Amino acid sequence: MTAPVQAQAAPENPSTFSAGELVDNGHRFFGTVSRGLALTVQEAVKRWGQPNGYILGQEASGAFVGGLRYGEGVLHTRNAGQRRIFWQGPSIGFDFGGEGSRTMMLVYNMPAVNALYQRFGGIDGSAYLVGGFGMTAVIADNIIVVPIRSGVGARLGVNLGYLKFSAEPTWNPF
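These numbers were taken from a predicted model, which means no experiment stands behind them.

*Asks:* Whenever I open this one, the overall build of the chain confuses me. Can you help?
*Replies:* Counting its regular elements, the chain contains 2 helices and 5 strands. Ordered by position from the N terminus, the helices and strands of the chain form the series α-α-β-β-β-β-β. Counting every position in the chain, which comprises 174 residues, the buried fraction comes to 44%. Of the contacts formed within the chain by residues at least 6 apart in sequence, a portion of 70% connects residues at least 24 apart. Total accessible area on the chain is roughly 9300 Å²; 59% of this is exposed by carbon and sulfur atoms.

Structure follows, in structure tokens:
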């Protein structure tokens, strides 16, 4: 008789980041909203797996039917190290208010850093007064970017828009 074969845990991919690593880095970055961050990161990892990059940064946005969003941060990858990155984008919809946010973006299926320099479209919704915490997902060419935001301000609405990533800052959201 043969002994039963025990299931082995799937090996960690050395080019991705585990939920624990993301939560630890997010705790240092976000500070007091750590519990909400941990739950949000766990939900993202459950849905999409382990990202092969993440961005820590800050952004500002405002909207009155049409809106604009501008941000800057640092992209962290295992293979390419750290790089400064900027993003901007317009939106349109039933959306009113403004916010300033600390942002962590999880990046999935990124073949190379330059592949991130394009437009990622999606739908966003917000409803808070004074502050809030939320997660959305934007997609382009099989690359998924999941912005996790902890912000202050007042915002109400739902909009359709995109984020455009670049290596240099620009005021042009298009």
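Next, the rest of the story.
*Asks:* Would you mind going over a nonpolar patch on the surface with me for this structure?
*Replies:* On the surface, Phe64, Val65, Ile92, Phe94, Ile123, Leu156, Val158 and Leu160 cluster together into a nonpolar patch covering about 840 Å² of accessible area. Mapped onto the nonpolar patch, the elements with two or more residues apiece are strand S1 (53–77), strand S2 (82–108) and strand S5 (143–166). If you tally residues by element for the nonpolar patch, the top one is S5, at 3 residues. According to the relative accessible area criterion, Val158 is partly exposed, its value standing at 42%.

*Asks:* What is the right way to look at the layout of surface pockets in this model?
*Replies:* Gaps left between atoms show up when a probe the size of a water molecule is rolled over them. By volume, the largest pocket amounts to about 180 Å³. Lining the largest pocket are 15 residues, and of these Gly125, Ser126, Tyr128, Phe133 and Gly134 lie nearest its centre. If you list the elements that add at least two residues to the lining of the largest pocket, you get S2, strand S3 (119–135) and S5. Broken down by element, the lining of the largest pocket gets its largest block of residues, 9 residues, from S3. Among the residues making up the lining of the largest pocket, the classes are represented as 4 nonpolar, 7 polar and 4 charged.

*Asks:* Explain the pairing of S2 to me, please; I cannot follow it from the model alone.
*Replies:* Along any regular strand, the residues point their side chains to alternate faces of the sheet. When S1 meets S2, the two strands line up antiparallel, connected through 23 bridges. Bridge pairing links Ile55 to Met105 in S2. Counting the residues between successive antiparallel strands, the hairpin from S1 to S2 contains 4 residues, one of them, Gly81, with a positive phi of roughly 75°.

*Asks:* Is there a simple way to think about the confidence of the model for the chain in this case?
*Replies:* Close inspection of predicted coordinates is inappropriate for parts of the model with low pLDDT. With 88% of its residues at a pLDDT of at least 70, the chain reaches an overall mean of 85. Under a pLDDT of 50 for its full length, residues 1–11 has, in the predicted model, 0 contacts with residues more than four places off or in other chains.

*Asks:* I keep staring at the packing of aromatic side chains and nothing clicks. Help me out?
*Replies:* Here a ring pair, both rings aromatic, is described through the centre-centre distance and the interplanar angle of the planes. Applying the stated criterion across every chain yields a total of 7 aromatic pairs. Where Trp48 meets Tyr108, the ring centres are 6.2 Å apart and the plane angle is 45°; that geometry is what we call tilted. Here Trp48 is found in helix H2 (residues 34–48), whereas its partner Tyr108 is found in strand S2, with 60 residues between them in sequence. Take Trp48: its relative accessible area is 28%, and that puts it in the partly exposed class. What makes Tyr108 buried here is its relative accessible area of 2%.

*Asks:* Can you walk me through empty space enclosed by the protein in this structure?
*Replies:* Scanning the entire structure with this criterion turns up 1 cavity of 30 Å³ or more. Put simply, the largest cavity is a space of about 190 Å³. Those elements giving two or more residues to the lining of the largest cavity turn out to be S1, S2, S3 and S5. Looking at which element gives the most residues to the lining of the largest cavity, the answer is S5, with 7 residues.

Reading the values: the criteria
- Residues numbered from 1 in each chain as written.
- Predicted model: local features only at pLDDT ≥ 70, side-chain atom pairs only at ≥ 80, totals over all residues.
- Heavy atoms only, no water.
- Helix = DSSP H or I, 4+ residues; strand = E, 2+ residues; numbered from the N terminus.
- Buried < 20%, exposed > 50% of the residue type's maximum accessible area, 1.4 Å probe, protein only.
- Contact = heavy atoms within 4.5 Å.
- Areas by Shrake-Rupley, 256 points an atom, 1.4 Å probe, with all protein chains shown as cover.
- Patch = residues over 30% accessible without salt bridge, like charges linked within 9 Å, V, L, I, M, F, W, Y side chains within 5 Å.
- Salt bridge = Lys/Arg side-chain N within 4 Å of Asp/Glu carboxyl O.
- 1 Å grid on protein atoms, 1.4 Å probe; cavity = no way out; pocket = protein on both sides within 12 Å on 5 of 7 lines; lining within 4 Å.
- Points joined across faces, edges and corners; volume = space filled by probe spheres on them.
- Nonpolar A, V, L, I, M, F, W, Y, C, P; charged D, E, K, R; others polar.
- Pairing = 2+ DSSP bridges.
- pLDDT = per-residue confidence, 0-100.
- Phe/Tyr/Trp six-rings, centres within 6.5 Å; stacked < 30°, edge-to-face > 60°.

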